[in-house]
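Inside the fold
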Amino acid sequence: MFYLSDAFIDNLLTEDIPLNDCTTESLGISKEPGRLRCYPKKDGIVSGVEIAACLLEKAGMKVFLQAEDGEFRKAREVVLEATGKADKIHAVYKTAQNVMEYSSGISGRARAMVDAARKVNPNVMVAVTRKHFPGTKKISLSAALAGGAIVHRAGLSGSILIFDQHRVFSQDFEEDFRRAKIHEPEKKLAIEADNYADAMRFAEYGADIIQCERFDFPTLAKFVMEAKKRFPNLIINAAGGINADNAAEAAATGVDVLVTSWVYFGKPFDIKMEITACR
């Protein structure tokens, strides 16, 4: 569960209605009662429903939540229903729709990756990166989790992950590596490698996690087999270009985690927002 603060919900609402709704007011329909029904246009995974419900409630509508994030729903199966005046409906429905459509797209892609990978490796995890569009962290990560993924890194503060971009500043990287292990004894130390030799060398240094960047799958399988023999507690990630089409092949190498940002980039999942007057 992601905590949804009042400030978070307010910020989403005020992006679309910073002041008043000129259209609804000019038509003189603001106080007309209405009903909003939300459902997917085709079968699939829905998410963002809980955020949408909070948005509708914040706008002053009475909400009937009929699905949880990450659930499969058939086309036209209602996931959320709300009643309220026309001005409340029009103040919020488009924002709620955007949240559900983008979230459901992410969740569906995450579920596709997880399902494909676990057919060949039941224990593998799909982990999403922090390469989401800035400002959408809570929505993007909660959607990925609803699809069955885990969070690779929520940000810089929670984990140690050393890239080449860090190593360029080291005059004695092995010494700096050992310093990092001493400096953060409660955190696992992860390091990215783009070739077999470096990956094995970093494992010998004492890395807890080796992230294999764009290894071809035969090389990745070889590294997993050899490294696990020597370092049975080592966690091995596959990263770089991992998506639903190659997730099974990547998982078959025996890696522990598939690291991806692919789930963020794709079409939203269409959610119909059906508005009717209640007379």
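All of these numbers come straight from a predicted model, not from anything done at the bench.

Spatial strand order, 7-6-12-11-10-9-8: seven strands in an open sheet with parallel pairing. Each edge of the open sheet carries a strand with a single partner, namely strand 7 (150–151) and strand 8 (160–162). Bridge count between strand 8 and strand 9 (residues 189–193): three bridges; the pairing is parallel. Opposite Ile162, over in strand 9, you have Ile191 as the bridge partner. On the sheet, helix 8 (residues 196–205) packs against strand 9 and strand 10 (209–213) and is oriented at approximately 160° with respect to strand 9. Lying on the sheet, helix 9 (residues 217–230) is in contact with strand 10 and strand 11 (235–239); it crosses strand 11 at an angle near 170°.

We now examine the state of the cysteines. Defined simply, a disulfide is a covalent bond joining two cysteines at their sulfur atoms. All chains considered together, the criterion is met by zero disulfides. Its sulfur unpaired, Cys38 is 14 Å from the next cysteine sulfur, which belongs to Cys278.

This part covers the pairing of strand 10. With five of five residues buried, strand 10 lies mostly within the body of the structure. Neither face of strand 10 is open: one carries Ile209, Gln211 and Glu213, the other Ile210 and Cys212, and all of them are buried. As defined by bridge partners, strand 9 adjoins strand 10 across four bridges and the pair is classed as parallel. Looking at strand 10, one finds that Glu192 is bridged to Gln211. Remark: the strand 9/helix 8/strand 10 crossover connection has right-handed handedness. By the bridge criterion, five bridges tie strand 10 to strand 11 in an arrangement that is parallel. Bridging from a neighbouring strand, Glu213 pairs with Ala239 of strand 11. Following the backbone out of strand 10, through helix 9 and into the adjacent parallel strand 11, one traces a crossover that is right-handed.

Attention now goes to helix 7 (residues 173–183). Those residues of helix 7 that sit buried are Phe173, Phe177 and Ala180. Each buried residue of helix 7 sits inside an arc of 60° when the element is viewed along its axis, so together they form one side. Those residues of helix 7 that are exposed and angled more than 90 degrees off the buried face are Ile182 and His183. Where helix 7 is buried, its residues meet strand 8, helix 6 (164–167), strand 9 and helix 8.

Another aspect to go through is the packing of aromatic side chains. Across all of its chains, the model carries eight aromatic pairs by this definition. Their ring planes at 65° and their centres at 6.0 Å tell us that Phe173 and Phe177 sit as a pair that is edge-to-face. In this pair, Phe173 and Phe177 are both assigned in helix 7, four residues apart and thus about one turn of the helix distant. Each member of the pair, Phe173 as well as Phe177, is classed as buried. An angle of 45° between the planes, with centres 6.3 Å apart, marks the rings of Phe173 and Tyr205 as tilted.

One non-glycine residue with positive phi stands out, namely Arg76, at about 70°. Among the structural elements, Arg76 can be located in the loop between strand 4 (71–73) and strand 5 (80–85). Look at Arg76 and you get exposed, because its relative accessible area is 55%.

When their charged atoms lie close together, side chains carrying opposite charge are able to pair. In total, this model carries 15 salt bridges according to the counting rule given. For Glu81, the salt bridge is made with Arg35, and the minimal N-O distance between the two is 2.8 Å. On the criterion of sequence distance, the pair formed by Glu81 in strand 5 and Arg35 in strand 1 (residues 33–40) is long-range, its members being 46 residues apart. Exposure remark for Glu81: the relative accessible area of 16% places this residue in the buried category. For Arg35, a relative accessible area of 29% translates into the label partly exposed.

Once that is clear, we can look at a positive patch on the surface. A cluster of like positive charges, contributed by Lys41, Arg76, Lys94 and Lys272, occupies part of the molecular surface. Inspection of the secondary structure puts Lys272 in strand 13 (residues 271–277).

The rules behind these values
Residues numbered from 1 in each chain as written. Predicted model: local features only at pLDDT ≥ 70, side-chain atom pairs only at ≥ 80, totals over all residues. Heavy atoms only, no water. Pairing = 2+ DSSP bridges. Helix = DSSP H or I, 4+ residues; strand = E, 2+ residues; numbered from the N terminus. Contact = heavy atoms within 4.5 Å. Axes fitted to C-alpha atoms, helices over the stretch in contact; angles between N-to-C directions. Disulfide = S-S within 2.5 Å. Buried < 20%, exposed > 50% of the residue type's maximum accessible area, 1.4 Å probe, protein only. Right-handed = clockwise from strand over helix to strand, strands pointing away. Arc of directions from axis to C-beta. Phe/Tyr/Trp six-rings, centres within 6.5 Å; stacked < 30°, edge-to-face > 60°. Salt bridge = Lys/Arg side-chain N within 4 Å of Asp/Glu carboxyl O. Patch = residues over 30% accessible without salt bridge, like charges linked within 9 Å, V, L, I, M, F, W, Y side chains within 5 Å. Areas by Shrake-Rupley, 256 points an atom, 1.4 Å probe, with all protein chains shown as cover. Lys, Arg positive; Asp, Glu negative; His and termini not counted. Charge placed at Lys NZ, Arg CZ, Asp CG, Glu CD.

Just geometry here; none of it tells us what the structure is for.
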